[in-house]
Amino acid sequence: DMRVIGDLRHPLVVGDVRSVRGSYAFGGRRLTLGDSVIHFGGASTPDPTLDITASDTVNGVTATINVTGTAKDPHIAFTSTPSRCSE
């Protein structure tokens, strides 16, 4: 659900791009996209807000990548279930 408003010299993109289903290749793996949204707020220089989740299960471990923040300043977090972090 996106709209382009403004005029020809200053178009502004407003709305959301939502994933319905799909996949993403990362690090030699094909990850399944989860519920994800890219939000365009109508800024004159587009810098959409990201909320993207992708995951894959290998040998009983589900690895998930979460991308949040903005396109200019993304934050990437990796998690797994069960946890593979040692303390």
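The preceding data block contains the structure.
Criteria and thresholds
- Residues numbered from 1 in each chain as written.
- Predicted model: local features only at pLDDT ≥ 70, side-chain atom pairs only at ≥ 80, totals over all residues.
- Heavy atoms only, no water.
- Core = buried A, V, L, I, M, F, W, Y, C linked by side-chain atoms within 4.5 Å.
- Buried < 20%, exposed > 50% of the residue type's maximum accessible area, 1.4 Å probe, protein only.
- Helix = DSSP H or I, 4+ residues; strand = E, 2+ residues; numbered from the N terminus.
- Contact = heavy atoms within 4.5 Å.
- Salt bridge = Lys/Arg side-chain N within 4 Å of Asp/Glu carboxyl O.
- Pairing = 2+ DSSP bridges.

Participant: Help me understand the nonpolar core in this model?
Facilitator: Formed by L31, L50, A54, I65 and V67, the largest nonpolar core amounts to five residues. Mapped by element, the contributors of at least two residues to this core are β6 (49–58) and β7 (61–70). The residues touching I65, leaving out its near neighbours within four places in the chain, are F26, L31, I52, T53, A54, I76, A77 and F78.

Participant: I tried to follow the environment of R9 on my own but got confused; where do I start?
Facilitator: Along the chain, R9 falls in the loop between β1 (2–6) and β2 (11–18). Given a relative accessible area of 74%, R9 falls into the exposed group. On a C-alpha basis, the gap between R9 and D73 in space is 26 Å, while along the polypeptide they are 64 residues apart.

Participant: What am I meant to see in the pattern of salt bridges here?
Facilitator: Opposite charge on two side chains lets them pair, provided their charged atoms get close. By the definition in use, this model includes one salt bridge. With its nearest N and O atoms 3.4 Å apart, the salt bridge here joins R18 to D16.

Participant: Got a minute to help me understand unusual backbone geometry in this structure?
Facilitator: The step from T81 to P82 runs through a cis peptide bond, and the omega angle for that step is -5°. If you trace the backbone, P82 turns up in the segment after β8 (74–81). The phi torsion at N59 lies on the positive side, around 50°, for a residue other than glycine. Secondary-structure assignment places N59 in the loop between β6 and β7. Taking relative accessible area as the criterion, N59 reaches 77% and is therefore assigned exposed.

Participant: Hey, could you run me through the pairing of β2 in this one?
Facilitator: Consecutive residues of a regular strand have side chains that alternate between opposite faces of the sheet. Here β1 runs beside β2; their pairing, made up of five bridges, is antiparallel. Pairing of M2 across the sheet is with G15, part of β2. Here β1 hands over to β2 after four residues, the two strands then running antiparallel side by side. Examined bridge by bridge, β2 and strand β5 (residues 37–41) share five bridges and lie antiparallel to one another. Bridging from a neighbouring strand, G15 pairs with F40 of β5.

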